[in-house]
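Residue strings, one per chain:
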Amino acid sequence: MAKSTKQQVKQVKPPKHVPLRTCVSCRETKPKRELLRVVRTPDGHVLMDATGKKSAKLSCWENALKKKRLEQEFELVLSEEDRAGLDAFIATLPKD
C-alpha cells in the first residue's frame, strides 16, 4: 500500500501596509512611526503627541518653526505657551 504524502505549501503573505506621513518641514514622506505627531486640540492649542513614535530630526523641527510651517498646516498662530512647549521638546532632541 502506498503512503500518501501531504505537501506542505507555505502561503506567501502580502507585504504589510505601512502608512506614510509627510514632514511639514522638509516635505519628505516617511513611515508613520518615524515621525512625531503634532496635534491641534479643540480649544486651539498645539501639542506634541509623541506616543508610540520613534524620533525626530532637529533640523526639520527648527526649520518648521522658523518658516511657520505648523501655523500654515494648522491655519493658526502659535500661542506663546504652545511655542514654549514645542521649544522645550525640541531642546531634548539630539543634534542631527
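Our subject is the structure listed above.
Quick look at the structure, then. Quick caveat, the model's predicted, so the values are computed rather than measured.

1. Some points on helix α3 (residues 80–90)
The set of residues buried in α3 consists of Asp-82, Leu-86 and Ile-90. What you see down the axis of α3 is that its buried residues fit within an arc of 75°, all on one side. Pointing more than 90 degrees away from the buried face of α3 are the exposed residues Glu-80 and Glu-81. Of the surrounding elements, those touching the buried residues of α3 are β4 (46–49), α1 (58–66) and α2 (69–74).

2. Description of unusual backbone geometry
Phi angles above zero are rare outside glycine, and Arg-27 is one such case at about 65°. With respect to the secondary-structure elements, Arg-27 resides in the loop between β1 (20–22) and β2 (29–31). For Lys-68, which is not glycine, the phi torsion reads 55° and is therefore positive. Relative to the elements of secondary structure, Lys-68 occurs in the loop between α1 and α2.

3. With respect to the pairing of strand β3 (residues 37–40)
Bridge analysis of β3 against β4 gives four bridges, and the strand direction is antiparallel. Its bridge partner lying in β4, Val-39 is registered against Leu-47. Two successive antiparallel strands, β3 and β4, enclose a turn made up of five residues, where Gly-44 displays a positive phi of approximately 90°.

4. With respect to the packing of aromatic side chains
In the structure shown here, the tally under the stated rule is one aromatic pair. Taking the centre distance of 6.1 Å and the plane angle of 70° together, the rings of Trp-61 and Phe-89 count as edge-to-face. Here the residue Trp-61 occupies a position in helix α1, and Phe-89 occupies one in helix α3, the gap between them amounting to 28 residues.

5. Concerning the environment of Ala-64
Mapped onto the fold, Ala-64 is located in helix α1. For Ala-64, a relative accessible area of 2% translates into the label buried. Expressed as a C-alpha distance, the spacing of Ala-64 and Cys-26, which sit 38 residues apart in the sequence, is 8.0 Å. Setting aside its immediate chain neighbours within four residues, Ala-64 contacts Val-24, Ser-25, Arg-69 and Leu-70.

Conventions we followed
Residues numbered from 1 in each chain as written. Predicted model: local features only at pLDDT ≥ 70, side-chain atom pairs only at ≥ 80, totals over all residues. Heavy atoms only, no water. Buried < 20%, exposed > 50% of the residue type's maximum accessible area, 1.4 Å probe, protein only. Helix = DSSP H or I, 4+ residues; strand = E, 2+ residues; numbered from the N terminus. Arc of directions from axis to C-beta. Contact = heavy atoms within 4.5 Å. Pairing = 2+ DSSP bridges. Phe/Tyr/Trp six-rings, centres within 6.5 Å; stacked < 30°, edge-to-face > 60°.

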